2 protein chains.
Amino acid sequence: MTESDLPVVQLTPGRWGDPAHPVDLPAAAIDALKHLGVRRPAPAPVVPGAVGPGATPDQLAFLTGVVGAEFVASDLGARWAHTRGYSTTDLLRDRAGDTSDMPDAVVYPATHDEVLALLAGCAEHDLAVVPYSGGTSVVGGLAPNRRFVTVDLRRLDQLLELDEVSRTATLQAGVRGPAAEALLADRGYTLGHFPQSYEGASIGGYAAARSSGQSSAGYGRFDQMVVGLTLATPRGTIELGRAPMSAAGPDLRQLVLGSEGAFGIITSVVVRIRPRPVERHFEGWRFENFAAGLTAIRRLAQDGPLPTVLRLSDEAETAVNLADPDVLGGGASGVLAIVGFDGPYNSGTAEVLTAAGGQNLGEGPGETWRVGRYRAPYLRDPLLDEGALVETLETAAFWSRIPALKAAVTDALVKSLTEQGTPPLVLCHVSHVYETGASLYFTVISAQTDEPLQQWRTAKAAASQAIAAVGATISHHHGVGTDHRAAYADEIGPLAVEALNAVKHVLDPHAVLNPGILLEGS
Amino acid sequence: MTESDLPVVQLTPGRWGDPAHPVDLPAAAIDALKHLGVRRPAPAPVVPGAVGPGATPDQLAFLTGVVGAEFVASDLGARWAHTRGYSTTDLLRDRAGDTSDMPDAVVYPATHDEVLALLAGCAEHDLAVVPYSGGTSVVGGLAPNRRFVTVDLRRLDQLLELDEVSRTATLQAGVRGPAAEALLADRGYTLGHFPQSYEGASIGGYAAARSSGQSSAGYGRFDQMVVGLTLATPRGTIELGRAPMSAAGPDLRQLVLGSEGAFGIITSVVVRIRPRPVERHFEGWRFENFAAGLTAIRRLAQDGPLPTVLRLSDEAETAVNLADPDVLGGGASGVLAIVGFDGPYNSGTAEVLTAAGGQNLGEGPGETWRVGRYRAPYLRDPLLDEGALVETLETAAFWSRIPALKAAVTDALVKSLTEQGTPPLVLCHVSHVYETGASLYFTVISAQTDEPLQQWRTAKAAASQAIAAVGATISHHHGVGTDHRAAYADEIGPLAVEALNAVKHVLDPHAVLNPGILLEGS
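Here's what I pulled together on the structure shown here. (Residues numbered from 1 in each chain as written. Chains lettered and ligands numbered in written order. Predicted model: local features only at pLDDT ≥ 70, side-chain atom pairs only at ≥ 80, totals over all residues. Heavy atoms only, no water.)

1. Points about the overall build of chain A
Move 1: What chain A contains, in helices and strands, is 19 helices and 18 strands.
Move 2: Relative to the compact-globule value of 24 Å for 522 residues, chain A shows a C-alpha radius of gyration of 23 Å, a close match.
Move 3: Projecting the C-alpha coordinates of chain A onto the three principal axes gives extents of approximately 70 × 60 × 45 Å.
Move 4: Sequence-distant contacts, at least 24 apart, represent 76% of the contacts inside chain A between residues at least 6 apart.
Move 5: Accessible surface for chain A amounts to roughly 18,100 Å². Of this, 54% is attributable to carbon and sulfur atoms. (Helix = DSSP H or I, 4+ residues; strand = E, 2+ residues; numbered from the N terminus. Rg over C-alpha atoms; globule rule 2.2 N^0.38 Å. Contact = heavy atoms within 4.5 Å. Areas by Shrake-Rupley, 256 points an atom, 1.4 Å probe, with all protein chains shown as cover.)

2. Details of the sheet that holds strand E3 (residues 129-132) of chain B
All names here are of chain B.
Move 1: Spatial ordering of the open sheet is given by E1-E2-E4-E3, a layout of four strands whose pairing is mixed. What marks the edges here is a single partner per strand, and that holds for strand E1 (72-73) and E3.
Move 2: Relative to strand E4 (residues 149-152), strand E2 (residues 106-107) runs parallel, the two being bridged by two bridges. Counterpart to Val106 in the pairing with E4 is Thr150. (Pairing = 2+ DSSP bridges.)

3. Topic: the relation of the copies chain A and chain B
Move 1: If you rotate chain A by 180° and push it 0.0 Å along the axis, it lands on chain B with an RMSD of 0.0 Å. What the superposition gives is, in effect, a two-fold axis relating one chain to the other. Closest approach to the rotation axis among the C-alpha atoms of chain A is made by Ala502 of chain A, whose C-alpha sits 2.8 Å away.
Move 2: Take the interface residues of chain A: 99% of them recur as interface residues in chain B, which is what a same-surface contact looks like. (Least-squares fit on C-alpha atoms with pLDDT ≥ 70 in both.)

4. Notes on the sheet that holds strand E8 (residues 226-233) of chain B
Residue and element names in this part refer to chain B.
Move 1: Strand order in the open sheet formed by five strands is E5-E6-E10-E8-E9, with antiparallel pairing between adjacent strands. Pairing within the sheet leaves two strands with one partner each, and these edge strands are strand E5 (159-163) and strand E9 (236-240). Averaged over all pairs of adjacent strands, the angle between their axes in this sheet comes to 10°, without regard to strand direction.
Move 2: Alignment of E8 against E9, held across five bridges, turns out to be antiparallel. Counterpart to Ala232 in the pairing with E9 is Thr237. (Axes fitted to C-alpha atoms, helices over the stretch in contact; angles between N-to-C directions.)

5. Some remarks on the interface of chain A and chain B
Move 1: Taken together, the 79 residues of chain A in the interface contact 78 residues of chain B.
Move 2: Taken over both partners, the interface formed by chain A and chain B buries close to 5,900 Å², and the fraction arising from carbon and sulfur atoms is 62%.
Move 3: If you look at where chain A meets chain B, you find eight salt bridges.
Move 4: The partner of Arg272 of chain B in a salt bridge is Glu435 of chain A, and the shortest N-O contact between them spans 3.5 Å.
Move 5: Taken together, the connections running from chain A to chain B amount to 37 residue pairs in polar contact (both at pLDDT 80 or more).
Move 6: Here the side of chain A that touches chain B gets nine residues from one element, more than from any other, and that element is helix H19 (residues 494-507) of chain A.
Move 7: Of the residues contributing to the side of chain A that touches chain B, the split by class is 36 nonpolar, 23 polar and 20 charged. (Buried area = accessible area lost by both parts, 1.4 Å probe. Salt bridge = Lys/Arg side-chain N within 4 Å of Asp/Glu carboxyl O. Polar contact = N/O pair within 3.5 Å; in protein donor to acceptor, adjacent residues only side chain to side chain. Nonpolar A, V, L, I, M, F, W, Y, C, P; charged D, E, K, R; others polar.)

Spelled out as structure tokens, the structure:
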């Protein structure tokens, strides 16, 4: 099964994954949780009952006037389905039936012009809007600081143009990952963007939150794939990108990418595409320890030849993720790297890894990873059911800071959660590599305290402080949302924040766009 | 001789090149000019006599208070040496002794903090400032719309840090191209940035104007090399870049890169560096015509393997530039491509070019190009002496638009100059390639009319309209300056212009920074 064969998944509040594909925890995992002090199943998710008022008749009339009555939903089901994203704190609040971040209505525009008309009329009708494509934010990107209406972009689902000479495709914002691959596959092309949220996330979200996928070593990040975009703002349209690169002023595409709906709603992007590979190869490599693996993958990132997929788990993650530790060979110690190629196998990559002390484990571990690549987050559901706290966070830095960054974040998480009486398991892998640096992705598992929301927020704050102290960035590919807003402001400094607020004020003078997301607002 | 062995050249107003290395036109070239109607030598350059008042005593006292008296120059020589850049219209006005764009004084800060102190005090002392590093702008980037003081950054000339693990170098803005290569070569590294202005331009200018060098196929553009930067503004410092890539909001580095001094003065950048290659190879390839060559280089840009240098001249440029047309083989028709490798020769590249109909001409034409690679602009001086008009312009677009772009710009230039009674020779080459598109670089030669400034402006306006009509960008690597300001505003649209002005107003509330450059200003 290739990416384009995957079904479009409808996500459900309170659950990460498609309820049609539940994942059960193996008995061994439940035993392991007991060692972390996980003792009691969590309460079953609550379906919200009474909710606050939705949109007013005047507001509904305005929305209906723009898109038609059949494309405005104000029932509890639609509103609840668009509440929050998929962070663990979101899931915990969903499970508790907390309706505080529920939209007043959901509107489904079909065209750029309808989006434009919605935004143009928001201020007059006292509406704030949250753009919604896949709904997979894990940083609070769908929870603004005032009542709002959700603009669900799923009807903007077209491949508008495919330029085979330039190898570009114009895709609308609401095209989900698998649908984009299917549309391109029909013409023999691929986008090559496979984030872990792939089954649910969509083109507009990839762009707005600077997504990065599992094949980033070969295909780059989403922001590197975008060569043009169209932005609808309350004051009109901005179209950017007349050439792959330009010296005509700042690269404004890179100002819109990552703006998380605060400057406007991206309605379509022009992306670089590539011919669909006719073969793929995934294999596992073992290194003696994380430091040795880090040196090896840095060598590939800096001197090549780079594979398409390159990931390196640390000792803890390797031990937890490998169902059969014998995969690593005698002694079962060491760390696992996954190396993947779209297209022919490159023996040059293998030579570099071997010279750096790597041991080729063959296709077995590679295929195991490939098959399960989108399944890991599904484990959140049964883990939360069991009463465990499980969450991820990620960061990036220059290579020379990576070892200190890993140590500092791990220490901060262990210290904070241990002090709270719930010593955690902290797993880490390098998920994306560049010539000058890399990203680190952490998974944290512990028992829940009686106040799991506060428990995680305390631990996350400690990790964020550690990231800042090392001089790393608060997010490599999850984005800012509301969760990272303060850390982001510290990272870029008050003058840069003021500049961004000035841009927002020009494009969104009445602050109707995702208020409180990315920027605190005025 | 390698790039790091080249001397640092002191440029002189009215002349492109180092006066110590004059270039003579071959007799055959002078004959060829006669065919274009070039009949009379131009008047000899005039040294300006009477000039307007310079900085006031109060202003000089302020400048002296910040940097010390020995680093403030208000003499005619220093001021004249910092007047304008190196476009043909600049050179023509220089030759006429036109002092209208002369700074009131020149100040030479030594540190970021001195730059910061200068900018902080400008408004109070009614000073506008123009940042100056190499002075090689060809788009009016040094000619603001009010009286000003030049901030010459040449004393910011240090390699501040070299991180061998991350392969990054922190270079100050005033480091000239050859000096940067020499500093890095001492440690075994190269930046790999070799624009045609290399001998004179500097790190700060590369960053502020989004420079692209002749080895861009292998090393990328300068804006792709920058992973961090420090910006001094009248309101304080902005430091950006904690990781190669981040999802923490928009990529603000890309907002500063290309801002041409309108938002602040870049005082240092962190750039990606690479090991210095131990070998280099340059060779020539012949294609039947430009269209065939275009298909071949597009194939390399999209499917690889890319060389380090990749350029393709059209029929006219090939005929003019090849001193010995027999280089092209029997019949002497066709077009010339230059292919260069830093490091081992890649036979895979040759296979792709051969399969696309290319004929390998060997190292002769490649070496000829390499040796003369920085000399072409020097020919402006003797050409202007002879009474010819010579200028270049460049643009970029997606591959599918390149043929139409080339035809439209050529037609516009030929039509405009022919209508003015001076039918031109228009040469063109592809100077930079990307997966989704490429840049086109045009050279125009004709006889001068009695009003050569107006003559060129008329032709350039026609070319700019043609670029916009095709949907290409007004500049691939020269920048905006004042010359492209109106076309740039049309390219990004009024809302984006307003957003940029809002950023400028935050960082530069009294509009002291390069007023009229990039943005018209309020």
